[in-house]
Amino acid sequence: MNMPCRALLAAIAVVAPAMSRSQPMTTLEGVVRDSAGGVGRVSVSAFDSLRNVRRAVLTSEKGYYRMLGLAPGRYLVAARIIGHSPVSQPVDLTAGQRGVADFVLYRAASVLPTVNVPGQTSNDPVERMSVTTSVSMQQIRELPQATRNVMELAAVAPGIRSFHSAEGRSIPGAGALRDERGLNLYVDGVEMKNFNSTNVMGSPQTGSPLPSDALEELRVFLNPYDAEYARGAAYVLSAVSRRGTNENHGSAFAFFQNKDLISVTDFQRQIPNFAKPDFKRRQVGFNLRGPVVRDKVFYAASYELSDTDTYIAVVPGKPAGDPSFWDEYAGVFKAPNQNHIGLLRLTYAADSANTLEAIWSTRYMTGESMFGGTQSRESAISQEYAVNTVNLRHRWLPAPRIANELSLQFVSWSHEHNPLVVGPELRYPTLRIGRADGDSKIYEKQFRALERVTYSIGTGPGSHLLKAGIELSRVFLQQFVPNVGAGLFRFNSETAEPFEGSISVGLLHPDSYRDADTRQAGWVASGYVNDEWQMLPRLVVNAGFRYDAEISTLNNDFVVPWLDDPELAARPELDGLLNRGHRKDDLNNISPRFAFSWDLTGNRRAFVRGGFGIMFDRLPGFVPMQERRAARWRLYSFPNPGTTDPDELRRRVVAGAGTAVPPAIVLLPQKIEAPENRQWSLGFGAHLSRSMIVNFDYIDQDVRHLFASVNLNWLDVSRKPAKRVLSSNYGNIVAWGDFARAEYRALLTSISYAPRASVNLKISHTLASAKADWDVDNSQVPASAAKDFYVMQRTSGDERHRFVLSGTTALPFALRLSTITTIASPRPYRATDGRDINRNNFFEDDFIDGKRYRVPDNTRKNWYRVVDLRLTKTLGLGRGMSLSLIVEVFNLFNTENYSGYFAIQRSVTGELRPDFGTPSGTFATRQFQLGSRLEF
């Protein structure tokens, strides 16, 4: 790879509230036949008794019908015409589903009683085109959940990686990217993706973004081919909340754990100063639904609290000369976390053609985290997150063939980190004490207007289901990130003096942190068209494209203060990297989508499917914000500072040492491309019997334009004296680019078995390969080493095999058992030699045998193995009330699953480290949880 930069551009900043269309229009269609063929002018009605909603259409001359704009729920669908016996069947529709209900009529001289035809439903459909998995409301309520984080429900989908973290911080991952990268979450059509790091707002690894009892359905997309979806290069989650009805319903729950319900393992017992922590967790919540005005206005309200005193183990590395050197820092430390989440949905059914809704979701979380492993308790930070969304939408059906939706949305997110221990960071090869990046305040506000239309042309073969939508968004960002304001000192060994000391000082306000504040605003415009065309009776083709434009979100109006430096202007390595205030907007994000579904047998029992599409993601906003912040909040690095006092470094800078110790700067190219995933798939699904379904999907993802950085002005320590390679007037010159790539290939297999309503089981297997140029944050790689560092290799997400068994079954004595059982092969971990072999003052590119990653031995002890169970006993209390007593156990066999490995092979002087390749942490141990739920 040709590094010095040109292709350098990077991670883009900001924006784009994807097309909030993660909840497409729900339709119902089918054909009505008799012994002579299709029957025209048949009245087909769909009735939802809980909301007193009835829709009706007439079939075409050949017997086909289609209804647009149905709300998710259970309908009684009936077909009636004089001279035939009426027929009906129940149909469950999920959000965005293209539901099918066919009818066979029998001629009759007089009207006979209705014949009920049982519907066949499945959470694992075979006629789909996208690579998707649905998690039903029953699964949401019944599957075992330790933290009740709705994100963890994605674990049942093939292609998703999920782990039980010991400290409660985890998020499912997919593809070749880091777990929090490239994912997106929609809630009733509101996009929850942030503009700072491209994670979901509020960092959902710290707690659930939504109350799980509020959800009707959760859908997991790996390769979505409908043009309505965007901003999910790894995967997309679409959550649909429950609506109120004419019946009053509610529930309340409570779950409890304490120290006596938590197990420990041999790994923990071997940690110096280990003592079983005083762990506790309580989870409580309620859910209420019903009418405000019968048949007209409905409400649904949910609230949940998760209050946890979890614990995190600090396990320092073992220096070669003295393995017990850091024992005083080892041990288990409390990490409290409190997460409040709520959702309120109001629905006004004005008439059969107009529905207005107001949906508000909120989350407020406080906690302590960001320490553990080789990061000491002194590295911990306190967290405070607040997320609020408001969605006002109007659904209008002006004619049977047209459905329209207008949505006005507001999304805000605040993120505040504060160090628990104020002071410098001391970074040793085997332990990190303190945190230089522990203080940050991030605020985002997004205002969106969305309009979309669905139009049906014809029914049956030759028909089209056309969809189009537009979005306009205004985005406001503010970041206060005084990184390294308290100082950072790096050490080659545990006993030597620091070889580098760094301090950040404000240019305009050197005595405060005011210069660390940056702000940015921009616009996002999006549009799409999509056509589902039933080309033939057994072939449906989907074709569409979407366009996303990001305007004024990349510091376009910002002029870097070092623009006129003649020394920098003369360097060819910096060509196109100095912002002159006219950076190009990202205006070329055109996403084609194509997919097909072919009914092999003609009776909807076996399908071949496939598709191709480009999924654009979002560049992390912290990158262009770094460019702006570095102009005033300047980082100075001192070789061999001779002190660990940050105030001394600050005095040197303020006293005029800026000439001798120049500042670091951040550069971005004049054109930055958004990450894009060129994905395709080919699949097969079939009903092997009435109770068993099998699905296979091969998916291929080629991700381009991932953000990454290089240091163009590294300190060359091979010279005597050491010297900066470009300019001695500057420190590190960090240039970001969009040159990194990733590849993911996977074969997804699932078998669903549901012989009766009381049994629903699914087993899935993922066989995968994940490679990338890079999958870590902010490595300032010297440009001279970039061609060896950014090489397509296995990543930390390269998990070859994963088996997941999930489902529920009824047992005797009115008991119900549910499980999520997972077995997964070992994943690679990043490893380095420990010595600066290439003498570039950078230790993260000195790989062992040229490979960034090592893989643990493929032995049983290194496989991830977890059995989670829930046992429920339900007692009827009369008058529609019931009480459920619940016992859950997570990691039933208390398997010691390793979460990481010590990855530095030698000391800086070449001595072998005794801990290299040994486990550095474990995932969660066995936990029991007791709970109850009252339904009324």
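As a reminder, the structure under discussion sits directly above these lines.
The sections below set out a description of the structure shown in this document. (Residues numbered from 1 in each chain as written. Predicted model: local features only at pLDDT ≥ 70, side-chain atom pairs only at ≥ 80, totals over all residues. Heavy atoms only, no water.)

## Things to note about the overall build of the protein
Per the secondary structure count, the protein includes six helices and 53 strands. Relative to a compact globule of 936 residues, whose C-alpha radius of gyration would be 30 Å, the protein shows 29 Å and is just as compact. Along the first, second and third principal axes, the C-alpha set of the protein runs to 105 × 60 × 50 Å. A total of 936 residues make up the protein; the buried ones form 60% of that total. A sequence separation of at least 24 residues applies to 74% of the contacts in the protein between residues at least 6 apart. With the model as given, the accessible surface of the protein reaches about 35100 Å², and the carbon-plus-sulfur share is 57%. (Helix = DSSP H or I, 4+ residues; strand = E, 2+ residues; numbered from the N terminus. Rg over C-alpha atoms; globule rule 2.2 N^0.38 Å. Buried < 20%, exposed > 50% of the residue type's maximum accessible area, 1.4 Å probe, protein only. Contact = heavy atoms within 4.5 Å. Areas by Shrake-Rupley, 256 points an atom, 1.4 Å probe, with all protein chains shown as cover.)

## Considerations on the sheet that holds strand S17 (residues 235-241)
Pairing in this open sheet of five strands is mixed, and the strands run S11-S16-S17-S14-S15 from one edge to the other. Each end of this open sheet is capped by a strand with a single partner; those strands are strand S11 (131-136) and strand S15 (190-191). Across two bridges, the pairing between strand S14 (residues 183-187) and S15 is antiparallel. Bridge pairing links Tyr186 to Glu191 in S15. (Pairing = 2+ DSSP bridges.)

## Here's the deal with the environment of Gln670
As for its placement among the helices and strands, Gln670 is situated in the loop between strand S36 (663-667) and strand S37 (676-687). Between the C-alpha atoms of Gln670 and His582, which are 88 residues apart in sequence, the distance is 7.6 Å. For Gln670, the contacting residues outside a window of four places in its chain are Gly576, Leu578, Asn579, Arg580, His582, Arg583 and Lys584.

## Some words on unusual backbone geometry
For residues besides glycine, phi is generally negative; the peptide bonds are generally trans as well. For the bond from Lys720 to Pro721, the omega torsion is 0 degrees, close enough to zero to count as cis. If you trace the backbone, Pro721 turns up in the loop between strand S39 (715-716) and strand S40 (723-724). With phi around 65 degrees, Asn273 is a residue other than glycine that occupies positive phi space. Within the secondary structure, Asn273 sits in the loop between helix H2 (266-269) and strand S19 (280-293). Located in the positive-phi region is Asn891, a residue other than glycine, with phi close to 55 degrees. In this structure, Asn891 sits in the loop between strand S50 (881-890) and strand S51 (898-901).

## Examining the side chain of Thr821
Checked against the element boundaries, Thr821 lands in strand S46 (residues 815-824). Reaching out from Thr821, the side chain makes a polar contact with the side chain of Thr819 at a distance of 3.0 Å. (Polar contact = N/O pair within 3.5 Å; in protein donor to acceptor, adjacent residues only side chain to side chain.)

Take it as geometry only, folks, not as evidence of what the structure does.
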